[in-house]
Amino acid sequence: MLRIITQWVEAQSELRRIASRTHDDMILNKEATVREVLQTVKRQGDKALLHYTQEFDHQTLTPEQLRVSGSELDAAYQQVSKELLDAIRLAAQQIEAFHRQRVPKSWVQFGEDDVVLGKRYTPVDRAGLYVPGGRAAYPSTVLMNAIPAKVAKVPHVVMITPPGPEGKVNPAVLVAAQVAGVQEIYRVGGAQAVAALAYGTETIPKVDVITGPGNIYVTLAKKLVYGTVGIDSLAGPSEVLIIADSKANPIHVAADLLAQAEHDPMAAAILLTTDSALARRVVAEVERQLVDHPRRTLTEKAIAHYGLVVVVESLEAAAKLSNEFAPEHLELEVEDPWAIVEKIRHAGAIFLGYSTPEAVGDYLAGPNHTLPTSGAARYASALGVETFLKHSSLIQYSQTALQKVANAVNILATAEGLPSHADSVRKRMENPSGEVDLDSPL
Ligand SMILES: NC(=O)c1ccc[n+]([C@@H]2O[C@H](COP(=O)([O-])OP(=O)(O)OC[C@H]3O[C@@H](n4cnc5c(N)ncnc54)[C@H](O)[C@@H]3O)[C@@H](O)[C@H]2O)c1
Ligand SMILES: N[C@H](CO)Cc1c[nH]c[nH+]1
Ligand SMILES: [Zn+2]
């Protein structure tokens, strides 16, 4: 049952509790397990992957079965309907069009005295895409990860996803991978999959960056291997925060809350509204929609632990609470959403207006659905092409330009007690031609 609260201080404290749900859980219960999984995979490679796949996914695999075979990839096309294939293709086109919009470009700038400055973007050599598969199969997440990697021109992309019943990977996931151009797929999930990508095993290549969302084990593993490899962001259990006014439709608001709650018992679903009647209607409607819900047990858990309705005085107050929470998804179900968006400072993705359910963003609007959770939207952003790129700074100085700054470099280097830094400039001033007298004693 969703709780309604009206007190500002209580709302702030409840929102803090919900935002920190993954940190608390991570630290108290799961971190030890994940550390052990990471260490064991690092030491034992494939053997550990098979062991943990048995323990956590209840599937018995041989090392040869870790990689999804060509015949399994071909067969997947026979197992999805034409409608599903068409929907995957439509989503792929829209996601690609969006991600091609603003690809960072290398640049150089020519300044006074022939100084050249710039940035050169290059893709990582190898990317590892995590596609969740514990409680649901996510062909959409395949597209959201693989398409930006492709647009960034990453030369080697591998995908990793947990095995389902009978060790099989969901055929829609395999089809989406092929539509997005990923052929190298391994069936392993959880922290053990992240470890394989970070350290490499006999079968699975080590990568430079790991992207993709996942449950608490996956998210904690990504956090722990950061540094050995790059990661996109901490995209953990899903969350939605809805700001609604009196004109919002309670049936739609309830459906949107449940759409995120149904991902995971640790998902969060929050409504901030200026209308106490709407608050009550949404609570009743959530109950009603849960009655025949196919994922009722896990969705109810999420709603009971991390669901909340807050009645606020104004939309400005709602925006303030939302900024404190920094949600993964923010829906503005209000009459003039563009007036409120001005006040929003932290959110992974913002959905504007009554007819923009968050689910269009999950599947095919174009922007990425892999987004920071648990307050990480304060400092992180959606997965994108730039996640797979890094840039090198470019700096070229002429002798004249160097001369002009020599004194300032000398002063700074002396202040830092680093004489060779000063010498590296001074010696070029003393010997501008760079000629070496080979007859003089060394
Ligand atoms: N933030 C985002 O952008 C975004 C996008 C899509 C999905 N999601 C989230 O991704 C998650 C998907 O979770 P999922 O569970 O369906 O799939 P998952 O693939 O993330 O996790 C399943 C794996 O967890 C491991 N695991 C399960 N129980 C374990 C235990 N007790 N100990 C150790 N390991 C264990 C298993 O190895 C299993 O393969 C959800 O939380 C969903 O909300 C987030
Ligand atoms: N809402 C998820 C991100 O938190 C993404 C997703 C994929 N499929 C359905 N939803
Ligand atoms: Zn979703």
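If you're wondering where the values come from, they're calculated on a predicted model, not measured in any experiment. (Residues numbered from 1 in each chain as written. Chains lettered and ligands numbered in written order. Predicted model: local features only at pLDDT ≥ 70, side-chain atom pairs only at ≥ 80, totals over all residues. Heavy atoms only, no water.)

1. Considerations on the site of ligand 2
Moving on, step 1. Surrounding ligand 2, one finds Tyr138, Ser140, Ser238, Gln260, His263, Glu328, His329, Glu358, Asp362, Tyr363 and His369.
Moving on, step 2. Within the contact set of ligand 2, an oxygen atom lies 2.7 Å away from a side-chain nitrogen or oxygen of Ser238.
Moving on, step 3. Asp362 places a side-chain nitrogen or oxygen 2.9 Å from a nitrogen atom of ligand 2.
Moving on, step 4. Contact with the protein chains hides 91% of the accessible area of ligand 2, taken as 290 Å² for the molecule alone.
Moving on, step 5. Considering each element in turn, the shell around ligand 2 owes the most residues, 3 residues, to helix H15 (residues 358–363).
Moving on, step 6. Looking at side-chain class alone, the shell around ligand 2 contains 2 nonpolar, 6 polar and 3 charged residues. (Near = heavy atom within 4 Å. Polar contact = N/O pair within 3.5 Å; in protein donor to acceptor, adjacent residues only side chain to side chain. Areas by Shrake-Rupley, 256 points an atom, 1.4 Å probe, with all protein chains shown as cover. Helix = DSSP H or I, 4+ residues; strand = E, 2+ residues; numbered from the N terminus. Nonpolar A, V, L, I, M, F, W, Y, C, P; charged D, E, K, R; others polar.)

2. What to know about the site of ligand 1
Moving on, step 1. Contacts to ligand 1 come from 29 residues, most closely from Asp57, Tyr130, Arg135, Ser238 and Asp264.
Moving on, step 2. Between ligand 1 and Gly134 there is a distance of 2.9 Å, counted from an oxygen atom to a backbone nitrogen or oxygen.
Moving on, step 3. Between Gln192 and ligand 1, the recorded distance is 3.1 Å, taken from a side-chain N or O atom to an oxygen atom.
Moving on, step 4. Calculation on ligand 1 without its partners gives an accessible area of 870 Å², and the protein chains cover 89% of this total.
Moving on, step 5. Going through the elements one at a time, helix H3 (46–57), helix H8 (190–199) and helix H9 (216–225) are the ones with two or more residues in the shell around ligand 1.
Moving on, step 6. For the shell around ligand 1, the per-class residue count stands at 12 nonpolar, 13 polar and 4 charged.

3. Points about the coordination of the zinc ion (ligand 3)
Moving on, step 1. Taken together, His263 (NE2) and Asp362 (OD) make up the full set of protein donors to the zinc ion (ligand 3), lying 2.1 to 2.2 Å away.
Moving on, step 2. Given 4 donor atoms and angles of 84 to 178° at the metal, the environment of the zinc ion (ligand 3) is assigned as irregular. In this pair, His263 is assigned in the loop between helix H10 (250–261) and strand S10 (268–273) and Asp362 in helix H15, connecting sequence segments 99 residues apart. Side by side, His263 and Asp362 carry an identical accessibility label, which is buried. (Donors = N, O, S within 2.8 Å, 3.2 Å for Na, K, Ca; no water. Tetrahedral: all angles 85-135°; square planar, octahedral: opposite > 155°, others 65-115°. Buried < 20%, exposed > 50% of the residue type's maximum accessible area, 1.4 Å probe, protein only.)

4. Overview of the sheet that holds strand S5 (residues 156–161)
Moving on, step 1. With parallel pairing, 5 strands are arranged side by side in an open sheet as S6-S5-S4-S7-S8. What marks the edges here is a single partner per strand, and that holds for strand S6 (184–187) and strand S8 (230–231).
Moving on, step 2. In this structure, S5 lies alongside S6, joined through 4 bridges in parallel fashion. Along S6, the bridge assignment pairs Val158 with Glu184.
Moving on, step 3. Strand contacts of helix H6 (residues 139–151): strand S4 (126–130), S5 and strand S7 (209–211), with the helix running at about 165° to S4, the strand carrying the most contacts. (Pairing = 2+ DSSP bridges. Contact = heavy atoms within 4.5 Å. Axes fitted to C-alpha atoms, helices over the stretch in contact; angles between N-to-C directions.)

5. With respect to the side chain of Thr141
Moving on, step 1. Structurally, Thr141 can be placed in helix H6.
Moving on, step 2. On the basis of relative accessible area, Thr141 is assigned to the buried category, the value being 1%.
Moving on, step 3. Once residues within four sequence positions are removed from consideration, Thr141 is found in contact with Tyr130, Val131, Pro132, Pro213 and His369.

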